[in-house]
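What follows is the residue order along each chain.
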Amino acid sequence: MTTVNDLLNLLVLEKINDNEFNGISKTIGSPIVFGGQVLAQALNAASRTITNQRVLHSMHAYFLEAGDLELPITYNVSIVRDGGSFSVRRVTAHQKDTTIFILSASFHKKEDGYSHQIEMKSNIKQPEELLSWTDMYKEYGDFLPKGLKSFLAIKRPVEFKPTAFANPLDPKDLPPSHDVWFKLKGDVKDLDLSTKQQILTYISDYNILTSTLNPHASSAHWGNTITASLDHSMWFFREFDFSDWLLYSTESPSTSGARGFARGHIFTRGGKLIASVAQEGLIRPIKNDK
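Cut-offs and rules
Residues numbered from 1 in each chain as written. Predicted model: local features only at pLDDT ≥ 70, side-chain atom pairs only at ≥ 80, totals over all residues. Heavy atoms only, no water. Helix = DSSP H or I, 4+ residues; strand = E, 2+ residues; numbered from the N terminus. Expected span 1.5 Å × (residues − 1). Buried < 20%, exposed > 50% of the residue type's maximum accessible area, 1.4 Å probe, protein only. Polar contact = N/O pair within 3.5 Å; in protein donor to acceptor, adjacent residues only side chain to side chain. Phe/Tyr/Trp six-rings, centres within 6.5 Å; stacked < 30°, edge-to-face > 60°. Lys NZ or Arg CZ within 6 Å of the ring centre and 35° of its normal. Salt bridge = Lys/Arg side-chain N within 4 Å of Asp/Glu carboxyl O. Pairing = 2+ DSSP bridges.

Visitor: What am I meant to see in helix α2 (residues 35–47) here?
Guide: Each full turn of the α-helix corresponds to 3.6 residues, which orients residues three or four apart in the same direction. The end-to-end C-alpha separation of α2 is 18 Å, in line with the 18 Å expected for 13 residues at 1.5 Å each. The element α2 is extensively covered by neighbouring structure, given that 13 of its 13 residues are classed as buried.

This is the structure:
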């Protein structure tokens, strides 16, 4: 995948009946299905059962089993409630006879009300000052560990520009936070809000667990740690577009018991808070038995 159109071809599911949909998978460099893909596909299924113009405002999901890249994923939608203001949907994802994922999503009618938000960091580096993952691969690929080099070599419909990163050649512990700018590749005009939310959900599963490893970066890295998303929650606040870079600012309050907890906020370049994310992930050190 290299553009937003490729991504949409992945996220927009095949309709089987009013409440059942099928999806396929594309690797992002991992041997199992990317969690962000399942999240976004499940939201695509849920949103297609909403017929009253209500807007997604929150979702909560659990990853139960690793997805097989070679098998289709079937999404079944249960209509839990259509109330006066809110509609709730529950989505269950299956591969063959195995349930791999469950999600609940709530949709709200448009209403006016109070508004406030936290502020974006004021001293953040701008994307024009930073190297993208593509730039890192081109400039430093020959010096990077094999696993990291292979990951950066994957073509993606999203460009990422971290404000800082752990140097694999000089490992040091870092603060429990991570800030990364991101931008879609290709034509992003005329995307409706539901589609934009699905794309944003797909992207939100990238980078968030980095903040859980950063405080241990002198010894821990992606090559000696088993990581996997365990759950994922997201709240959507305001309308936005993908025409400019967006900032994903994450932090990890705690890592313990082979699990890391992280939370993040997604801002426009102008500082508008559009969504917040929370995730707990498996952070299991690989033990070398001698």
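Still more ground to cover, so stick around.
Visitor: When you look at the side chain of His232 in this model, what are you seeing that I'm missing?
Guide: The residue His232 is located in strand β9 (residues 225–236) in this model. A polar contact of 3.0 Å, which involves the side chain of His232, links it to the side chain of Ser204.

Visitor: Teacher, can you tell me more about the packing of aromatic side chains here?
Guide: Each pair of aromatic rings is reported with the distance of its centres and the angle of its planes. Under the defined criterion, the tally for this structure stands at 9 aromatic pairs. Between Phe160 and Tyr206, the ring centres sit 4.8 Å apart and the planes meet at 45°, which makes this aromatic pair tilted. On the criterion of sequence distance, the pair formed by Phe160 in strand β7 (residues 158–162) and Tyr206 in the loop between α5 (193–204) and α6 (210–213) is long-range, its members being 46 residues apart. Here Phe240 and Phe242 contribute two aromatic rings whose centre-to-centre distance is 5.3 Å and whose plane-to-plane angle is 85°, an arrangement assigned as edge-to-face. Aromatic rings pair up to connect Phe34, Trp133, Phe151, Phe160, Tyr202 and Tyr206 into one cluster. Taking the ring centre of Phe151 as reference, the NZ or CZ of Arg156 above it sits at 4.2 Å.

Visitor: Please clarify how the environment of Ile266 should be interpreted in this entry.
Guide: Among the secondary structure elements, Ile266 is positioned in strand β11 (residues 259–268). Exposure remark for Ile266: the relative accessible area of 1% places this residue in the buried category. Between the alpha carbons of Ile266 and Ser204 there is a distance of 8.7 Å; along the sequence they are 62 residues apart.

Visitor: I keep staring at the pattern of salt bridges and nothing clicks. Help me out?
Guide: Side-chain pairing between opposite charges can occur once the charged atoms of the two side chains come close. The tally for this structure, following the rule as stated, stands at 10 salt bridges. Asp82 is the salt-bridge partner of Arg89, the closest N and O atoms lying 3.2 Å from each other. A salt bridge links Glu128 to Arg269; its shortest N-O distance comes to 2.9 Å. Highlighted residues: Glu128 in the loop between β6 (98–108) and α3 (133–140) and Arg269 in the loop between β11 and β12 (273–285), separated in sequence by 141 residues. Note on Arg269: relative accessible area 25%, which makes it partly exposed. It is possible to trace a salt-bridge network through shared partners that takes in Glu128, Asp244 and Arg269.

Visitor: Which parts of the structure should I look at to understand the pairing of β6?
Guide: Regular strands have side chains that alternate between both faces of the sheet. For strand β3 (residues 55–63) and β6, the ladder comprises 8 bridges, and the chain directions are antiparallel. Bridged to Tyr62 within β6 is Ile102. Where strand β5 (residues 86–95) hands over to β6, the hairpin turn is made up of 2 residues, of which Lys96 adopts a positive phi near 55°.

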